[in-house]
Amino acid sequence: MQYEDAKDPARRILVIEGSTVSRSVLGEHLQRLDAVVSFADSGQEGLTFAKRERPDVILVDLNLPDISGLDVCAKLKANPFTARIPVIFIIESERREDVVRIFETGGLDCVTMPIDGSILRARVESALRMRDLMRRLSREATTDRLTGLPNRATLLNQVNDRIARLRRGRAPSFALLFLDIDRFKVVNDSLGHEVGDQLLRQFARRLGGAVEILGGSYERYDRHLVSRLGGDEFVVILDEIENLADAHAAADSLMNSLARPHELLGHTLTTLASIGVVLSEPEYLNASDMLRDADTALYRAKARGRGCHAIFDKRMRAEALDRLEMEAGLRQALGQHQFEIHYQPIISLKTGRLDGFEALIRWNHPIRGLIPPDTFIPMAEELALIVPIGEWVLHVACDQMRAWREQFAEACPSHINVNVSKAQLATGGFIDTVRGALVATGCDPSMLQIEITESVIMELPEHATCELEEIRSSGVMICMDDFGKGLSSLSCLHKFPLDVLKIDRDFIAHTEGRREYAAINNAIITLAHHLGMAVVAEGVETEGQVAQLQALACDYAQGFLFSRPLSADAATDCIVHSEDRFQAA
């Protein structure tokens, strides 16, 4: 018997009762509740129904014809799918020993015969409310509140379950796709968190729809699963992904679906996602390992640029471990005095004399040996170590310049160039850092040139540009490094407080035999001179390049033709023999 006219069919009650009369009486009382009531006339039938339908509340007679109600309750509590269903016992009398056994077995409550309808309904309603609370708490524990997607805990359970079934040969291969939204932080910072949250919701819905196209179910995740880890990170489980071709095709399909513009509170945003993919393998024992490797693949995808995907292979893991070791070493390098400064000569193209040095940091790793800056500087920027490292370089370079001035007097090179990162300028108070280094070392301000790359200068906020003006007014010169690499307009040069312009090495490398590069270099040098700037050519390696730069009236040059970066001792010797050495070059 079922009462299908219930207002809320989601509320389901199962009555396990062997007596036809008792079932009829219970049905009459329970029909007043907003619930669907089902009946089973034996313990085994009730257990089968409960496992299949998972009702919200179960009423069970203590004395059934086949097995006892206590056995039914014990079996329900032992099954993870039915363990949380409240069980109310129907008993003939409240004998103390029966009530104790009911609660010991896991029963929630009991009602005595003959049935009082109001008491029965009150206790069933209480059990239903408790069941609703348990469901809500379970939902909150397993669901991301912002997007409604399964959360990290659910994802890990699902992946662990698939791994276990796969290892038993009872499930197909699957893939994990780790996604994050490219430049999401820019959206949050520029448009606010409300727009950012809207973007996450829309992204979640669009990702769910894209997975549904692949054959899953966005609502029930019957075949695949879409989850949010937190922030702008999402993970998709795709079942029945057998090989790399399947994985590539799935990632491409998701990319295409996610690339459409979003309309968000009056803003139109086009966002791309990066995806790291890992395929299930017998070696995986838990979800954490798969998620780690998917994250590693995501890191590789982001290194390739926006809107890319990468599939994990074991070399990535080795590289990731190597990077972790490098990061750990880098955190200790400054305190353990593993950095050293090398100095590359800057030569006057008019006189052929040594004019200055560029200070270049090197990491003298105790095991790996000398590590060039291109390898560890980006890592230092990511780890927020670049500011203390940059301050150390500034102090060492200024101190070295002061020592050379004391040793060589007028024969000393006129200046030393020190590279400065965007992070050093962005923190504010950089002028105090420069002044502190000059005072602490006794270096004359006119002997210091601060080098900032073109791309950083073009992105400087107004306050940082004003700070550079103040540094310049104190006697320190400002040099734009790598000019031409960022392809900024020549017309922008007058907007910045600059004394020196360095032409990027790519323009110098092609200057021989390429008229267009010679014309570009000529335009750069001519404009810089009109603006009162000196010009340095980087990466000079041939006599032909020198001749052409001299013909274009370029002021200075540095590169392997003249010298590689030198240790402090070698640079000192270079000053001693500079006239013979560079006149010969």
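Just so we're clear, the structure is a prediction, and the values are computed from it rather than from any experiment.

**Student:** Please give an account of empty space enclosed by the protein that cites residues and values.
**Tutor:** Under the criterion given, the structure shown has one cavity of 30 Å³ or more. Volume-wise, the largest cavity comes out at about 30 Å³. Considering each element in turn, the lining of the largest cavity owes the most residues, three residues, to helix α6 (residues 152–167). Here the lining of the largest cavity is composed, by residue class, of six nonpolar, one polar and two charged.

**Student:** Please give an account of helix α9 (residues 244–258) that cites residues and values.
**Tutor:** The terminal C-alpha atoms of α9, which comprises 15 residues, lie 21 Å apart, in line with the 21 Å expected from a rise of 1.5 Å per residue. Of all the positions in α9, only Ala247, Ala250, Ala251, Leu254, Met255, Ser257 and Leu258 are classed as buried. Seen along its axis, α9 keeps its buried residues to an arc of 165 degrees; they face one direction. Structural note: α9 exposes Ala245 and Asn256 on the side pointing more than 90 degrees away from its buried face. At the N-terminal boundary of α9, the capping side chain belongs to Asn243, with an oxygen 3.2 Å from the backbone nitrogen of Ala245.

**Student:** I'd like a rundown of the sheet that holds strand β11 (residues 273–279), residues and numbers included.
**Tutor:** Read across the open sheet, the five strands follow the order β7-β8-β6-β11-β12; overall the sheet is mixed. Each having just a single partner strand, β7 (225–230) and β12 (309–311) make up the two edges of the open sheet. With strand direction ignored, the average angle separating the axes of adjacent strands in the sheet is 20 degrees. Along the sheet, helix α10 (residues 287–304) makes contact with β6 (174–181), β7, β8 (233–239), β11 and β12, crossing β11 at roughly 140 degrees.

**Student:** Which residues make up the packing of aromatic side chains, and what are the values?
**Tutor:** Under the defined criterion, the tally for this structure stands at nine aromatic pairs. Judged by centre distance (5.0 Å) and plane angle (45 degrees), the ring pair of Phe203 and Phe234 falls under tilted. Remark: Phe234 occurs in strand β8 and Phe203 occurs in helix α8 (residues 193–213); sequence separation between them is 31 residues. The pair formed by Phe203 and Phe234 is uniform in burial state, with each residue classed as buried. Look at Phe357 and Trp404: their rings are 4.9 Å apart centre to centre, the planes differ by 35 degrees, and that puts the pair in the tilted class.

**Student:** Outline unusual backbone geometry, supporting the account with residue identities and numerical values.
**Tutor:** Across the junction of Met113 and Pro114, the peptide omega takes the value -5 degrees, indicating a cis bond. Looking at where Pro114 falls in the secondary structure, it is placed in the loop between β5 (109–112) and α5 (117–142). Phi angles above zero are rare outside glycine, and Glu240 is one such case at about 60 degrees. You can see Glu240 is positioned in the loop between β8 and α9.

**Student:** Please provide a residue-by-residue account of the sheet that holds strand β4 (residues 87–91), values included.
**Tutor:** Pairing between the strands of a sheet comes from backbone hydrogen bonds, and it takes one of two forms, parallel or antiparallel. In spatial order, the strands read β2-β1-β3-β4-β5; together these five strands make up an open sheet with parallel pairing. Two strands lie at the open edges of the sheet, namely β2 (36–40) and β5, each paired on one side alone. In this sheet, adjacent strand axes meet at a mean angle of 20 degrees when their direction is disregarded. Two elements, β4 and β5, share four bridges in a ladder whose sense is parallel. Its bridge partner being in β5, Ile88 is matched across the sheet by Asp109. The sheet contacts of helix α4 (residues 96–105) involve β4 and β5, and relative to β5 the element is tilted by about 145 degrees. Against the sheet, α5 touches β1 (12–16), β3 (57–61), β4 and β5, its axis set at about 135 degrees to β3.

**Student:** Could you give me a rundown of the environment of Gly276, with the residues and numbers involved?
**Tutor:** Turning to its location among the elements, Gly276 is positioned in strand β11. Under the relative-accessibility criterion, Gly276 is labelled buried at 0%. Between the alpha carbons of Gly276 and Val387 there is a distance of 31 Å; along the sequence they are 111 residues apart. Non-local contacts of Gly276, meaning those with residues more than four positions away in its chain, are made with Leu176, Leu177, Phe178, Ala294, Ala297, Leu298 and Ala310.

**Student:** Quick rundown of the confidence of the model for the protein? Include the residues and the values.
**Tutor:** The predicted model of the protein has a mean per-residue pLDDT of 88, with 95% of residues at 70 or higher. This stretch, residues 1–9, has a pLDDT under 50; its non-local contacts, to residues over four places away or in other chains, come to 20 contacts. Predicted confidence for residues 217–222 stays below pLDDT 50, and this span has 10 contacts to residues more than four positions away or in other chains.

**Student:** Any details on the nonpolar core? Residues and values, ideally.
**Tutor:** Leu330, Trp404, Ile416, Leu448, Ile450 and Ile452 are the most contacted members of the largest nonpolar core, which totals 79 residues. The biggest single contributor to this core is helix α13 (residues 386–408), with nine residues. Filtering out sequence-adjacent residues up to four positions away, Ile416 remains in contact with Tyr343, Phe357, Ala359, Ala397, Met401, Trp404, Met447, Leu448 and Gln449. The next biggest cluster of nonpolar side chains, apart from the first, holds 33 residues, and it includes Val195, Ala210, Ile275 and Leu279.

**Student:** So what about the packing of helix α1 (residues 20–30) against α5? Which residues, and what values?
**Tutor:** Across the interface, α1 lies against α5 with an axial gap of 9 Å and an inter-helix angle of 70 degrees. Overall, the two elements α1 and α5 adopt an arrangement that is roughly perpendicular. Remark: the crossing between α1 and α5 carries right-handed chirality. Contacts between α1 and α5 involve Leu26, His29 and Leu30 from the former and Gly117, Leu120, Arg121 and Val124 from the latter. Classifying every residue of the contact of α1 with α5 by side-chain character gives four nonpolar, two polar and one charged.

**Student:** Help me get a handle on the environment of Asp481, residues and values and all.
**Tutor:** Assignment of secondary structure puts Asp481 in strand β18 (residues 477–483). A relative accessible area of 5% means that Asp481 is categorised as buried.

**Student:** Let's hear about the pairing of β6: which residues, and what values?
**Tutor:** Of all the eight residues making up β6, eight are buried; the element is thus mostly covered by neighbouring parts of the structure. Residues Phe174, Leu176, Phe178 and Asp180 line one face of β6 and the alternating positions Ala175, Leu177, Leu179 and Ile181 line the opposite face, and both faces are buried. Bridge count for β6 against β8 is seven bridges, and the pairing is antiparallel. Residue pairing in the sheet places Leu176 in a bridge with Ile237 of β8. Where β6 and β11 come together, seven bridges link them in antiparallel fashion. In the strand pairing of β11, Phe178 is matched with Gly276.

What counts, and at which threshold
- Residue indices begin from 1 for each chain and proceed along its sequence in written order.
- Note on the predicted model: pLDDT of at least 70 is required for a residue's local features to be given, and 80 or more for side-chain atom pairs to be given and counted; whole-chain, interface and lining totals, by contrast, use all residues.
- Each side-chain value is worked out from all heavy atoms of the structure, with water and hydrogens disregarded.
- In this analysis the probe radius is 1.4 Å and the grid spacing 1 Å, with only protein atoms considered; a cavity is a set of points the probe fits into but cannot get out of, a pocket is an open set with protein on both sides within 12 Å along at least five of seven lines, and lining residues have an atom within 4 Å of a point.
- Grid points are joined across faces, edges and corners, and a volume is the space filled by probe spheres set on the points.
- Each helix corresponds to a stretch of at least 4 residues labelled H or I by DSSP, and each strand to a stretch of at least 2 residues labelled E; elements are numbered beginning at the N terminus.
- Each residue is assigned to one class: nonpolar for Ala, Val, Leu, Ile, Met, Phe, Trp, Tyr, Cys and Pro, charged for Asp, Glu, Lys and Arg, and polar for all the others, Gly among them.
- To estimate the expected span of a helix, count its residues, drop one, and scale the result by 1.5 Å.
- Relative accessibility decides the category of a residue: with a 1.4 Å probe and only protein chains considered, values under 20% of the type maximum give buried, values over 50% give exposed, and everything between is partly exposed.
- The arc in question is the one traced by the directions running from the helix axis out to the C-beta atoms.
- As used in this structure description, the phrase polar contact means that two N or O atoms lie within 3.5 Å; if the pair is within protein, one of them must be able to donate a hydrogen and the other to accept it, and residues adjacent in sequence are counted only when both atoms belong to side chains.
- When DSSP locates at least two bridges between a pair of strands, those strands are taken to pair.
- For helices, the fitted axis covers only the stretch in contact; all axes are lines through C-alpha atoms, and the angles between them, taken along N-to-C directions, range from 0 to 180 degrees.
- In what follows, residue pairs with any heavy atoms lying within 4.5 Å of each other are defined as contacts.
- Only Phe, Tyr and Trp rings take part, Trp by its six-membered ring, and two of them pair if their centres are within 6.5 Å. Stacked means planes under 30 degrees apart, edge-to-face means over 60, and tilted covers everything else.
- Per-residue confidence from the prediction method is given by pLDDT, with values spanning 0 to 100.
- Take the buried residues of types Ala, Val, Leu, Ile, Met, Phe, Trp, Tyr and Cys, join any two whose side-chain atoms come within 4.5 Å, and each joined set is a nonpolar core.
- By the definition adopted for this analysis, an angle is roughly parallel if under 35 degrees, roughly antiparallel if over 145, roughly perpendicular if from 65 to 115, and oblique otherwise.
- Crossing handedness is defined as follows: a turn of the near helix away from the far one that is anticlockwise and smaller than a right angle gives a left-handed crossing, while the clockwise case is right-handed.

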